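What follows is the residue order along each chain.
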Amino acid sequence: MTLLSPGWLLLVLPAAFAVWRFRPSGVVLLSLRAVVALLVVVSMAEPVVEEERLSGTVVVVVDRSLSMPAGSDERHLESIALLDEAASSDDRLAVVAFGRESFVELGPGGLFGGGFVGVVDPSASSLSVALGRALSLIAEGEPGRVLVLSDGRVTDSGTAGVTAVAAARSIAIDYRSVEREAGSDLAVVDVEAPSQVGLSEAFVVHGWVSSPAAQEVVYELRRGGVVIARGTREVPAGRSRLTFRDAATAEGLLSYELSVESRADDPVPENNRASFLVGRRDAERVLLVTETPGRGLAELLRGSGLSVDAVGPSEVDGSLEWLASYAAVVLENVPARELGPGLLSNLAVLVRERGTGLLMTGGRRSYAAGGYYGSAIDPVLPVSMELRSEFRQLSAAIVVAMDRSGSMAARVAGGRTKMELAGLASSKVLEIMTDLDEFGAIAVDSAPHIVVPLSPAGDVRGEARTLRRLESMGGGIFVDAALQSAVAMLRGSESASKHIILFADAADAERPGNYRELLSAATAAGMTCSVIGLGTPADADAVLLRDIAARGDGEIYFTTDAARLPEIFTEDAVAVTRGAFLEQPTALTATGQLVALLGSNPGELPLVGGYNPLYAKPGARVAAVTRDEYSVPFLTDWNAGLGRVVTVAGEADGEFSGGLPGWDGVGGFWAGLVRSLMIDEGDLGRSVYVEQRVDGGELLVDVHIDPERLTGLSGGEVVVTRRSRVGVQSVERVRLVMESPELLRARVPLGRGDTVVPTVRWSGGRVAALPAARLPYEPEYRPSGASGRSLLAGLARRTGGVERADLASVWDDLPVSLRRVSLAPWLLGAAMLLLLFEVAERRIGLLPAVVTARRLGAPFSTVGARRARRGAGPSVRGVSSLASPPADKPSGISGAEKSAPPSSGGVLDALSDVSRSD
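Residues numbered from 1 in each chain as written. Predicted model: local features only at pLDDT ≥ 70, side-chain atom pairs only at ≥ 80, totals over all residues. Heavy atoms only, no water.

## Looking at the overall build of the chain
Thought 1: Regarding its fold elements, the chain presents 22 helices and 43 strands.
Thought 2: Counting only residues that meet the buried cut, the chain has 50% of its 918 residues in that class.
Thought 3: Once local pairs closer than 6 in sequence are excluded, the contacts in the chain between residues at least 24 apart make up 73%. (Helix = DSSP H or I, 4+ residues; strand = E, 2+ residues; numbered from the N terminus. Buried < 20%, exposed > 50% of the residue type's maximum accessible area, 1.4 Å probe, protein only. Contact = heavy atoms within 4.5 Å.)

Written as structure tokens, this is what we have:
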């Protein structure tokens, strides 16, 4: 036994004095009190004993990366269950799963649930991170082991440092190798291609192939979906090179895929295909999205010497990497919904973070009328699309006619019904309307039900809650009843725009009736009608809905995702309420900003035939305004992040472009605007050279510099715009780190399916835009000359671990440890019991009187104090006499005293009194 705080033993003497000073009567009671005091003092000295134990913590580290064989997750779970069953009550099991990152699936001593809970990115194997997490789960000084279930094909470095920590803490790392056979793996191990080339520039691509044996392979190189090289070749065992030649076309970004195949079975087919990107090196390359790609603005820009790719809205790629290959993007009167998902958000990020220029022209399909109000591109535009009070004559009246048939009761993702989402969409329409507008709502099944009568929007905003609570009432939607009720509502409106939004199930729109005549009369009265069909264009009633939209001079929308209804309703309503286009010839007045924007004085500006009503945002620069009562900013620009954005309120080439197309300075005007968008990369000179390359699972961005310019390049960073495999977009900033006096480098990790667009920024606003890059394939599939088993064996060797064939034996190999067991709780518990016993003895007499009667210095035959008090007569000052005559000499004891009932001195005392009275 060891005392951790022996100094407390000095209290023994004061405790003994206190016990003696306030001693009770009787040896037994005094002894009890002395023992209690001694136990308390000894417990304060913290007595401990040491015992050996064979228990501890085992942390299982499981590999869930792509390189693991099929079914490995199930085998991992079986192994964990086996270890959990073999553990004793004192053992603690923990589980860490890893891929690119690690996740603690089970904390030490937790309850194993039988399945994996965490989601890890399987595109990499960060074993060192997982081992570090595992070591953190074993308390300092506690026995433990780590068991790794992996193929050993790691994609990170740093395991040496972690094993050193484990060895220093005497924690062994055991392993079981779980890998698929890779001895016959044919793979593309590397691709050497330039990151960017000039237009029509020829270049060479080298593909390095690793073959397990001499054999014939079939190779193929594709650019986009076009095969540019295909054939067979005899390759030796080991590495060999395939060489290809190509030239840059007019496309912005060249996307390639190299594949190889053989007749032999390949255990890792995922590394037989490698993709790579080649960008275009053209500082003035422009993307023009227009309905007229072969004429008009496209011809003007090309005639001014600009490199222009003109495409229709349906031809736009819209991906991050494709847009990043252009210095500027021009949107010429095209609606937002035709540009494809993600284009506007990708473009907005590239404008802010990369310096991509943006020019937007006006028209009936642009700005708010084209669905850009509230879109991802809205914040980067220098103009606001809000409709203000000065355009009072442009107020709108909208009636929403909603399908509330039985099919609308179905629930969709998120738990809401289709009817609830339609009601929410209607309330969103009401929310965006101004007090100048009018709003009405009808719910239709076999008959129309007026939910909100046509009223000024400001008076019925409280009805938004009613709209959100609409429920399906069964039946089908009667189209003729819906249209008749909506048209009747709008007949009494004096608003400039009168619009119907008809929402119906594309597979359940019944009884159209005489909708043709009804819509003909409605359009003649200035009404329009858009249709939102829940379903696809191939559904049974889709043709009817499309015809209603066409006859109503409105738009048609189809969607199978009911959650998108609020977005679609709002888009159509915005086009009506804020999407006005003024069809009136207007002269323009230039400001001093026009010369700064174009770089020269274009002279007198021509008349335009119409424009979108816009307002300059704070900080925007206005170069021309309309010469009418509204003074609308016709030409506006500003800087949004690194990029410059220019807006033109009128059409570039169309019915309302006025005298602009025939103006003598029209070519220089548009070319000047586009050139003003080009990013100024600064004068880097020959002493600075930037390059990038994919190395393993990273993109390396290298800045080679003249050491004398190091101070001028301090604070540099690489802004990385990333598109993940699921379409999630993010922006990261990676510092440039000095690798040598001549080299600054940034390391950008590449994940599974990621495409990154790097932009180098230096102090002073200088920028170098680099082409997009991606991994050839996940680094998990990269062939490795070293066996994964050998890496795991090295971990075990350096830490004293072993390869585990019998997983349950890991519990038997835990190091023997000495555990200190504190005796203080036990001593205090014993002291408490003895104290309670003493109190009970004094109160109710648990022991025989012959034991408790013995006093200090009195003969053994003396009767106890309780009996003396009972038979010795009156007490003095409340204390009874401590002696009484012997039993055989009554000495005057009265009969009454003999027959007195026993007191609380105890049962034995009472029996003794009875015997003596006899």
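## As for the sheet that holds strand β23 (residues 448–456)
Thought 1: With mixed pairing, the six strands of this open sheet are ordered in space as β23-β22-β21-β25-β27-β28. Looking along the sheet, the strands with just one partner apiece sit at the ends: β23 and β28 (553–559). Mean inter-strand twist for the sheet, computed between neighbouring axes without regard to direction, equals 10°.
Thought 2: As defined by bridge partners, strand β22 (residues 438–444) adjoins β23 across six bridges and the pair is classed as antiparallel. Note that in β23 the partner of Ile442 across the bridge is Ile450.
Thought 3: Lying on the sheet, helix α11 (residues 479–490) is in contact with β21 (396–403), β22, β23, β25 (497–505) and β27 (527–534); it crosses β25 at an angle near 160°. (Pairing = 2+ DSSP bridges. Axes fitted to C-alpha atoms, helices over the stretch in contact; angles between N-to-C directions.)

## Focus on the pairing of strand β40 (residues 755–761)
A regular strand places its side chains so that they alternate between the two faces of the sheet.
Thought 1: With seven of seven residues buried, β40 is to be regarded as a mostly interior element.
Thought 2: Both β40 and strand β42 (residues 773–774) contribute to a ladder of two bridges, which runs antiparallel. Note on β42: the bridge partner recorded for Val756 is Ala773.
Thought 3: Taken together, the three bridges between β40 and strand β41 (residues 767–769) define a ladder with antiparallel strand orientation. Across the sheet, residue Arg761 finds its bridge partner in β41, namely Val767.

## Overview of the sheet that holds strand β13 (residues 238–247)
Thought 1: If you trace the three strands from one edge of the open sheet to the other, you get β8-β10-β13, paired in antiparallel fashion. At either margin of the open sheet sits one strand with a lone partner, and together these are β8 (187–192) and β13. This sheet shows a mean twist of 25° between the axes of neighbouring strands, independent of strand direction.
Thought 2: Where β8 meets strand β10 (residues 202–211), five bridges bridge the pair, whose relative direction is antiparallel. Within β10, the position partnered with Val188 by the bridge is Val209.

## Let's talk about the packing of helix α9 (residues 418–432) against helix α14 (residues 565–577)
Thought 1: Taken N-terminus to C-terminus, the directions of α9 and α14 make an angle of 30°; their axes are 8 Å apart at the nearest point. Between α9 and α14, the crossing angle belongs to the class labelled roughly parallel. Note on packing geometry: the crossing formed by α9 with α14 is right-handed. Packed against α9, whose contacting residues are Lys418, Leu421, Ala422, Leu424, Ala425, Ser426, Lys428, Val429 and Ile432, the element α14 presents Leu565, Pro566, Phe569, Thr570, Ala573, Val574 and Thr577 at the interface.
Thought 2: Class assignment of the residues belonging to the contact of α9 with α14 gives a composition of 11 nonpolar, three polar and two charged. (Parallel < 35°, antiparallel > 145°, perpendicular 65-115°, else oblique. Left-handed = near helix turned anticlockwise from the far one by under 90°. Nonpolar A, V, L, I, M, F, W, Y, C, P; charged D, E, K, R; others polar.)

## Things to note about helix α17 (residues 788–799)
Thought 1: Over its 12 residues, α17 runs 17 Å from end to end, which matches the ideal 16 Å to within 8%, given 1.5 Å per residue.
Thought 2: If you check which residues of α17 are buried, you get Gly788, Leu792, Gly794, Leu795, Ala796 and Thr799.
Thought 3: Where α17 is buried, its residues contact α4 (127–136), β6 (144–150), α5 (159–168) and β7 (172–177). (Expected span 1.5 Å × (residues − 1).)

## Here we look at the pattern of salt bridges
Thought 1: Following the criterion strictly, the structure yields 40 salt bridges and no others.
Thought 2: Note that Glu291 and Arg365 form a salt bridge whose closest N and O atoms lie 3.4 Å from each other. Taken together, the residues span a long stretch of sequence, with Glu291 in the loop between β16 (285–290) and α6 (297–303) and Arg365 in the loop between β19 (357–361) and β20 (383–384) at a distance of 74 residues.
Thought 3: Note on Glu291: relative accessible area 40%, which makes it partly exposed.
Thought 4: Arg365 sits in the partly exposed class, given a relative accessible area of 29%.
Thought 5: Ionic contacts of the salt-bridge type, sharing partners, join the residues Glu353, Glu717, Arg733, Arg735 and Arg761 into one network. (Salt bridge = Lys/Arg side-chain N within 4 Å of Asp/Glu carboxyl O.)

## Section: the side chain of Ser150
Thought 1: Positionally, Ser150 belongs in strand β6.
Thought 2: Side-chain polar atoms of Ser150 contact the backbone nitrogen of Gly152, separated by 2.9 Å.
Thought 3: Apart from the residues within four sequence positions on either side, Ser150 is in contact with Asp63, Met68, Phe98, Arg176, Ser177, Val178 and Leu792. (Polar contact = N/O pair within 3.5 Å; in protein donor to acceptor, adjacent residues only side chain to side chain.)

## Some words on a nonpolar patch on the surface
Thought 1: A cluster of nonpolar residues, Met832, Leu833, Leu835, Leu836 and Val839, forms a patch on the protein surface that exposes about 460 Å² of accessible area.
Thought 2: Tracing the backbone through its elements, the reader meets Leu836 in helix α18 (residues 824–844).
Thought 3: Among the residues examined, Leu836 registers a relative accessible area of 51% and is labelled exposed. (Patch = residues over 30% accessible without salt bridge, like charges linked within 9 Å, V, L, I, M, F, W, Y side chains within 5 Å. Areas by Shrake-Rupley, 256 points an atom, 1.4 Å probe, with all protein chains shown as cover.)

## So, the pairing of strand β38 (residues 737–740)
Thought 1: Alignment of β38 against strand β39 (residues 743–749), held across three bridges, turns out to be antiparallel. Residue Val737 lies in a different strand from β39, and its bridge partner there is Arg745.
Thought 2: The antiparallel hairpin formed by β38 and β39 contains two residues in its connecting segment.

## Re the side chain of Ser126
Thought 1: Its location among the elements puts Ser126 in the loop between β5 (102–106) and α4.
Thought 2: When its relative accessible area of 10% is taken as the criterion, Ser126 is described as buried.
Thought 3: Other than its neighbours up to four places away in sequence, Ser126 contacts Phe98, Gly99, Arg100, Thr155 and Asp156.

## Thoughts on unusual backbone geometry
Thought 1: Phi at Ser170 takes a positive value of approximately 60°, unusual for a residue other than glycine.
Thought 2: Non-glycine residue Asn333 carries a positive phi angle of around 50°.
Thought 3: The topology assignment puts Asn333 in the loop between β18 (328–332) and α8 (343–354).
Thought 4: On the accessibility criterion, Asn333 (16% relative accessible area) is buried.

## Observations concerning the packing of α5 against α17
Thought 1: At a minimum axis separation of 9 Å, α5 and α17 run at an interaxial angle of 30°. As judged from the angle between their axes, α5 and α17 are roughly parallel. The crossing of α5 and α17 is right-handed. Residue-level contacts link Thr159, Thr163, Ala166 and Ala167 of α5 to Leu795, Arg798 and Thr799 of α17.
Thought 2: Its residues assigned to classes, the contact of α5 with α17 shows three nonpolar, three polar and one charged.

## Looking at helix α2 (residues 27–44)
Thought 1: A rise of 1.5 Å per residue sets the reference length of α2, with its 18 residues, at 26 Å; its end C-alpha atoms lie 26 Å apart and thus fit the reference within 8%.
Thought 2: Among the residues making up α2, those that are buried are Leu29, Leu30, Leu32, Val36, Ala37, Leu39, Val41 and Ser43.
Thought 3: One or two positions beyond α2, positive phi appears at Glu46, with a value near 55°.

## So, the packing of aromatic side chains
Thought 1: Here the structure, examined in full by the defined rule, presents eight aromatic pairs.
Thought 2: A ring pair is formed by Tyr219 and Phe244, whose centres lie 5.7 Å apart and whose planes are at 65°; its orientation type is edge-to-face. Pair noted here: Tyr219 is in strand β11 (residues 215–223) and Phe244 is in strand β13, with a separation of 25 residues, a long-range link. Phe244 matches Tyr219 in its accessibility class, with the two residues each being buried.
Thought 3: Taking NZ or CZ as reference, Arg21 lies 5.3 Å from the ring centre of Phe22, over its face. (Phe/Tyr/Trp six-rings, centres within 6.5 Å; stacked < 30°, edge-to-face > 60°. Lys NZ or Arg CZ within 6 Å of the ring centre and 35° of its normal.)

Without other data, these values stay purely geometric and don't point to any function.
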